[in-house]
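Architecture at a glance
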Amino acid sequence: MLDTIAEIMAASSVVAALTGAGISAESGVPTFRGNEGLWAKFRPEDLASMEAFLANPKIVWEWYNWRRELMAGVLPNDGHRALAACESMFDRFTLITQNVDGLHAAAGSKQVIELHGNIHRNKCADCNRPVDSALQIDPRQIPTCGHCGGKIRPDVVWFGEMLDSAVTDEAFAAAEEAQVFLVVGTSALVHPAASLPLVAKRQGAILVEINPEDTPLTPLANYHISEKSGVFLPSLLSRITDVRATRKVKPS
Ligand code: BJW
Ligand code: ZN
């Protein structure tokens, strides 16, 4: 399957990728779902929603402080690096991530569409203005916005919240135009992100899913690679490079 996908991608100029928590798992960032996932220990609606923040901002901030500390100590892996290298391998390569950890940028990706925000930024919970405050927030004394007095919260997208429309427009446009759409390390359960591969497929893209587990997307994918992204993506890239090099020297 590696050879077939490499052949297809070597001949493609417009490629997009959607990543999820699985791509950062090999860096040591816990995923959300599954036995080892964050939601095995915490209920999503108790931590990742405005209702939770209004009801108990202290617990929500303790959780984000813990995750920020964890993420500050991790490094991008070969999967992130392979996707960063894709930027120079195709005429157009769009990287869309649901992750808030910033590891794609750390790996060298210059343009990343962050659908669910970035955990390393803060904003005002009331007026939404970005706020330049310390990353470790005292949960007993949450700082407030200088403009409206609202509580400071992490600049991420919680359940029930709208995603930034400019960001989603860009992501859906890339999905519509892609010849190949890679879906990497996501359970493909959370919308609207999970709709992107469906839109891409409907518009004619070849869907390639890289995930050791099956997801609701698996039956629709043209290729499902049951491997870790940090292992498969670098091999895929080197095979694409080989295919292109061979084509150049072959008589036409
Ligand atoms: C590996 C690996 C390795 C492991 N290599 N792979 C349509 C239908 C149904 C519901 C909805 C709908 N539209 C909207 C909704 C509601 C809701 C939703 O989708 N709910 C579903 C869960 C049912 N969506 C929303 O609320 C969104 N807002 C919205 O739509 O606004 C409009 C609206 C408003 C009000 C009402 C209705 C509509 C917002 C969603 C925000 C999600 N936020 C979170 C938290 C972000 C902040 C934070 O991090 O703290 O985003 S939730 C969490 O899930 C996080 C993730 O980005 C997201 C996706 O998770 P992901 O990345 O897929 O991780 P996992 O853990 O699920 O999967 C990891 C995968 O990796 C697994 O498959 C492993 O096998 C694999 N893996 N190791 C490759 N080495
Ligand atoms: Zn404010």
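Everything numeric here is computed off the predicted structure, so don't read it as measured data.

**Structural notes on the overall build of the protein chain**
When helices and strands are tallied, the protein chain shows 10 helices and nine strands. A compact globule built from 252 residues should have a C-alpha radius of gyration of about 18 Å, and the protein chain, at 19 Å, falls within 12% of that. Referenced to the eigenvectors of the C-alpha coordinate spread, the extents of the protein chain come out at roughly 70 × 35 × 30 Å. Each of the 252 residues in the protein chain was classed as buried or not, and the buried ones make up 50%. At a minimum sequence separation of 6, the contacts of the protein chain that also span at least 24 residues come to 68%. Here the protein chain displays about 12,300 Å² of accessible surface, and carbon together with sulfur accounts for 52% of that area. Of note, the protein chain has its 23 positive side-chain charges centred 2 Å away from the centre of its 29 negative side-chain charges.

**A closer look at the nonpolar core**
In terms of nonpolar packing, the biggest core is built from 28 residues, with Met-9 and Leu-83 touching the most fellow members. When residues of this core are traced back to their parent elements, those giving at least two are helix H1 (2-10), strand S1 (14-19), helix H6 (78-86), strand S2 (92-97), strand S7 (180-184), strand S8 (206-210), strand S9 (223-225) and helix H10 (229-249). What Met-9 contacts, discounting residues up to four positions off in sequence, is Val-15, Phe-90, Val-180, Leu-182, Leu-236, Ile-240 and Arg-244. Core analysis: the second largest hydrophobic core is formed by 25 residues, Leu-47, Tyr-64, Leu-103 and Ile-152 among them.

**Re the packing of helix H8 (residues 165-177) against helix H9 (residues 195-202)**
How two helices pack is summed up by the angle between their axes together with the distance between the axes. Two numbers describe how H8 lies on H9: the axes approach to 7 Å, and their chain directions differ by 35°. The handedness of the crossing between H8 and H9 is right-handed. Contacts between H8 and H9 pair Ala-171, Phe-172, Ala-175 and Glu-176 from the former with Ser-195, Leu-196, Val-199 and Ala-200 from the latter. Partitioned by chemical class, the residues of the contact of H8 with H9 number six nonpolar, one polar and one charged.

**Here we look at the site of ligand 1**
What surrounds ligand 1 is a group of 35 residues, the closest being Arg-33, Tyr-64, Arg-67, Thr-186 and Ser-187. Within the contact set of ligand 1, an oxygen atom lies 2.7 Å away from a backbone nitrogen or oxygen of Phe-32. Val-157 is positioned such that a nitrogen or oxygen atom in its backbone is 2.9 Å from a nitrogen atom of ligand 1. Notes on ligand 1: free accessible area 1,500 Å², of which the protein chains cover 75%. Those elements giving two or more residues to the shell around ligand 1 turn out to be helix H2 (22-25) and helix H5 (57-72). Across the shell around ligand 1, the residue classes tally to 17 nonpolar, 12 polar and six charged. Among the domains, domain 1 (2-29 + 76-116 + 163-249) and domain 2 (37-73 + 124-156) are the pair contributing at least three residues each to the shell around ligand 1.

**Section: the domain arrangement of the protein chain**
Each assigned domain of the protein chain is listed here: domain 1 (2-29 + 76-116 + 163-249) and domain 2 (37-73 + 124-156). The centre of domain 1, based on its C-alpha atoms, is set 29 Å off from the matching centre of domain 2. Of the residues lining the interface, five residues belong to domain 1; the matching set on domain 2 comes to five residues. Both faces considered, domain 1 and domain 2 share a buried interface measuring about 350 Å² in area, 76% of it formed by carbon and sulfur atoms.

**Describing the coordination of the zinc ion (ligand 2)**
Taken together, the protein ligands of the zinc ion (ligand 2) are Cys-124 (SG), Cys-127 (SG), Cys-145 (SG) and Cys-148 (SG), with distances of 2.2 to 2.4 Å. Its four donor atoms give the zinc ion (ligand 2) angles of 97 to 117° at the centre, a pattern that matches the tetrahedral case. Each donor residue of the zinc ion (ligand 2) lies on one chain, and together they are spaced C-x2-C-x17-C-x2-C. Of this pair, Cys-127 sits in the loop between strand S4 (117-124) and strand S5 (130-131) while Cys-145 sits in the loop between S5 and strand S6 (152-156); the two residues are 18 residues apart in sequence, bridging distant segments of the chain. Cys-127 sits in the partly exposed class, given a relative accessible area of 26%. A residue is classified by how much of its surface remains accessible, and Cys-145, at 7% relative accessible area, is buried.

Basis of the calculations
Residues numbered from 1 in each chain as written. Chains lettered and ligands numbered in written order. Predicted model: local features only at pLDDT ≥ 70, side-chain atom pairs only at ≥ 80, totals over all residues. Heavy atoms only, no water. Helix = DSSP H or I, 4+ residues; strand = E, 2+ residues; numbered from the N terminus. Rg over C-alpha atoms; globule rule 2.2 N^0.38 Å. Buried < 20%, exposed > 50% of the residue type's maximum accessible area, 1.4 Å probe, protein only. Contact = heavy atoms within 4.5 Å. Areas by Shrake-Rupley, 256 points an atom, 1.4 Å probe, with all protein chains shown as cover. Lys, Arg positive; Asp, Glu negative; His and termini not counted. Charge placed at Lys NZ, Arg CZ, Asp CG, Glu CD. Core = buried A, V, L, I, M, F, W, Y, C linked by side-chain atoms within 4.5 Å. Axes fitted to C-alpha atoms, helices over the stretch in contact; angles between N-to-C directions. Left-handed = near helix turned anticlockwise from the far one by under 90°. Nonpolar A, V, L, I, M, F, W, Y, C, P; charged D, E, K, R; others polar. Near = heavy atom within 4 Å. Polar contact = N/O pair within 3.5 Å; in protein donor to acceptor, adjacent residues only side chain to side chain. Domains from an automatic or database assignment. Buried area = accessible area lost by both parts, 1.4 Å probe. Donors = N, O, S within 2.8 Å, 3.2 Å for Na, K, Ca; no water. Tetrahedral: all angles 85-135°; square planar, octahedral: opposite > 155°, others 65-115°.

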